[in-house]
Amino acid sequence: MKLKRAIFSLIIIFAVVFTAVFGRYGIKNNGVDLSPKEYRGVITLWHVDSFEGGIGSRKQFLLSVASLYEKLNDGVLIMVITHTPESVETALKEGAVPDLISYGPGVPLPNLSELYTDKGFGGGKVGDKTYAVPWCRGGYCLIENPEYKVNKKRKDYEALYSVSRFSQAYTAALFCGVKFSYTGEKATLDAYAEFTNGRTKYLLGTQRDINRLINRGMNFSATPFSEYNDLYQYVSASAVDPEKLVHARGFIDLLLSESVQKKLINLGMFSCFYELAYENSQMRDMQSAKFNYTVSAFSSESLIKELKEISKSKQQNDETIIKIKKLLTLS
């Protein structure tokens, strides 16, 4: 009996020692250790600004979150690299693959991995699976200059559209029921200059224009557009290495956390998941706007161009709306 007890005690001691020494390697996937703390290396994050932001740099915001993630995960470094849609396409053709990518609709993408998050979003889903989540957003609005002086050669209901390569100001206006007998369009900064110089009463702009006008101290009113929006900055995981994929998903979870999302107020942007404490009434209204439609995060630039041309058509009817909705997804 004593021999059996001695053997049994040795077995227990061996099990405890083995667990203490090797147990930290116990979480494996096909023999690969997926413990975040054990990885030592660099996670690459490509960032693409495909639409105007608010008052700060989205890259700098990502760098601050990367620094926080590095402090929480010893040995992990996150490198944030700025790209354009063209440089992303070139890099992918040359075989480069990021572990994470921050982007908007119309940007070429690598193969993406499914995200396991409770913050799913229609624009980032394929079927029931989530592959992209917006980590911040903007919005469209109709901005009015109440001090605009009437010019008899112009009509007060003329509006200037602020447009950019991937944005869909015409679609946003169409879905919100905004109609003008005449519309003109200019690039974003030129449109802002026209408005502030008193050459138009209305500007169909974005959160970028509101932030500029607040900083300028100009008197204005703004009505946010609801129903449709495409000004979303998405994030996706594209890591090939399974260990890096763990950290890519972990970084996304941190980026979407409430404490980080509420710092978006420093960017002059909005969160899709939390209410931000803006003091300015126009920014509060923009934050509260709700949307039913958007373009898929994975939309090609050709689809975005098609949507823009249909929305700009001067002959709008119910059939036009139906045609546009076929190109959209629920948000």
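Here, every reference points to the structure presented above.
Right, let's walk through the structure included here. (Residues numbered from 1 in each chain as written. Predicted model: local features only at pLDDT ≥ 70, side-chain atom pairs only at ≥ 80, totals over all residues. Heavy atoms only, no water.)

### Considering the sheet that holds strand E8 (residues 133-137)
Inference 1: Strand order in the open sheet formed by five strands is E4-E3-E5-E15-E8, and the pairing between neighbours is mixed. Only two strands of the sheet have a single partner each, and these edge strands are strand E4 (76-83) and E8. Averaged over all adjacent pairs, the angle separating strand axes in this sheet is 20 degrees, with direction ignored.
Inference 2: The pairing of strand E5 (residues 100-103) with strand E15 (residues 232-237) spans four bridges and is antiparallel. Residue pairing across strands places serine 102 opposite valine 235, the latter belonging to E15.
Inference 3: The sheet strands contacting helix H2 (residues 58-72) are strand E3 (41-48), E4, E5, E8 and E15, and the helix crosses E4 at an angle near 170 degrees. (Pairing = 2+ DSSP bridges. Helix = DSSP H or I, 4+ residues; strand = E, 2+ residues; numbered from the N terminus. Axes fitted to C-alpha atoms, helices over the stretch in contact; angles between N-to-C directions. Contact = heavy atoms within 4.5 Å.)

### Comments concerning the packing of helix H5 (residues 188-196) against helix H6 (residues 207-216)
Inference 1: Packing of H5 against H6 leaves a shortest axis separation of 11 Å and a crossing angle of 45 degrees. Considered as vectors, H5 and H6 are oriented oblique to each other. For the pair H5 and H6, the crossing hand works out as right-handed. Facing Thr188, Leu189, Tyr192, Phe195 and Thr196 of H5, the residues of H6 in contact are Asp209, Arg212, Leu213 and Arg216.
Inference 2: Its residues assigned to classes, the contact of H5 with H6 comprises four nonpolar, two polar and three charged. (Parallel < 35°, antiparallel > 145°, perpendicular 65-115°, else oblique. Left-handed = near helix turned anticlockwise from the far one by under 90°. Nonpolar A, V, L, I, M, F, W, Y, C, P; charged D, E, K, R; others polar.)

### Considering a nonpolar patch on the surface
Inference 1: Together, Val42, Leu77 and Met79 give the surface a local cluster of nonpolar side chains, amounting to about 250 Å² of exposed area.
Inference 2: Structurally, the position occupied by methionine 79 is in strand E4. (Patch = residues over 30% accessible without salt bridge, like charges linked within 9 Å, V, L, I, M, F, W, Y side chains within 5 Å. Areas by Shrake-Rupley, 256 points an atom, 1.4 Å probe, with all protein chains shown as cover. Salt bridge = Lys/Arg side-chain N within 4 Å of Asp/Glu carboxyl O.)

### Topic: the pattern of salt bridges
Inference 1: Tallying each qualifying case throughout the model produces twelve salt bridges.
Inference 2: One salt bridge connects lysine 244 with aspartate 99, and the closest N-O pair in it is separated by 4.0 Å. With lysine 244 in helix H7 (residues 242-255) and aspartate 99 in the loop between helix H3 (85-93) and E5, this residue pair connects regions lying 145 residues apart in the sequence.
Inference 3: A relative accessible area of 22% places lysine 244 in the partly exposed class.
Inference 4: What makes aspartate 99 buried here is its relative accessible area of 5%.
Inference 5: Of the charged contacts, one joins glutamate 258 and lysine 262 as a salt bridge, the two residues approaching to 3.1 Å between their closest N and O atoms.
Inference 6: The exposure class assigned to glutamate 258 is partly exposed, which follows from its relative accessible area of 38%.
Inference 7: Among the residues examined, lysine 262 registers a relative accessible area of 40% and is labelled partly exposed. (Buried < 20%, exposed > 50% of the residue type's maximum accessible area, 1.4 Å probe, protein only.)

### Quick look at the environment of serine 236
Inference 1: One can find serine 236 in strand E15.
Inference 2: Separated by 133 residues in sequence, serine 236 and tyrosine 103 have C-alpha atoms that sit 8.5 Å apart.
Inference 3: Once you skip the residues sitting within four places of it in the chain, serine 236 turns out to touch Asp99, Leu100, Ile101, Tyr103, Leu112, Tyr131, Ala132 and Ile252.
Inference 4: At 2.7 Å, the side chain of serine 236 forms a polar contact with the side chain of tyrosine 103.
Inference 5: Separated by 2.7 Å, the side chain of serine 236 and the backbone oxygen of tyrosine 131 make a polar contact. (Polar contact = N/O pair within 3.5 Å; in protein donor to acceptor, adjacent residues only side chain to side chain.)

### Comments concerning the pairing of strand E9 (residues 140-144)
Inference 1: Counted residue by residue, E9 has four buried out of five residues, so it is predominantly covered.
Inference 2: As judged from the five bridges shared by E9 and strand E12 (residues 202-206), these two strands associate in the antiparallel manner. Pairing of leucine 142 across the sheet is with leucine 204, part of E12.

### Digging into H7
Inference 1: With 14 residues, H7 extends 20 Å between its outermost C-alpha atoms, agreeing within 8% with the 20 Å of an ideal straight helix rising 1.5 Å per residue.
Inference 2: All of the buried residues along H7 are Leu245, His247, Ala248, Phe251, Ile252, Leu254 and Leu255.
Inference 3: In this structure aspartate 241 caps H7, since a side-chain oxygen of it lies 2.8 Å from the backbone nitrogen of glutamate 243. (Expected span 1.5 Å × (residues − 1).)

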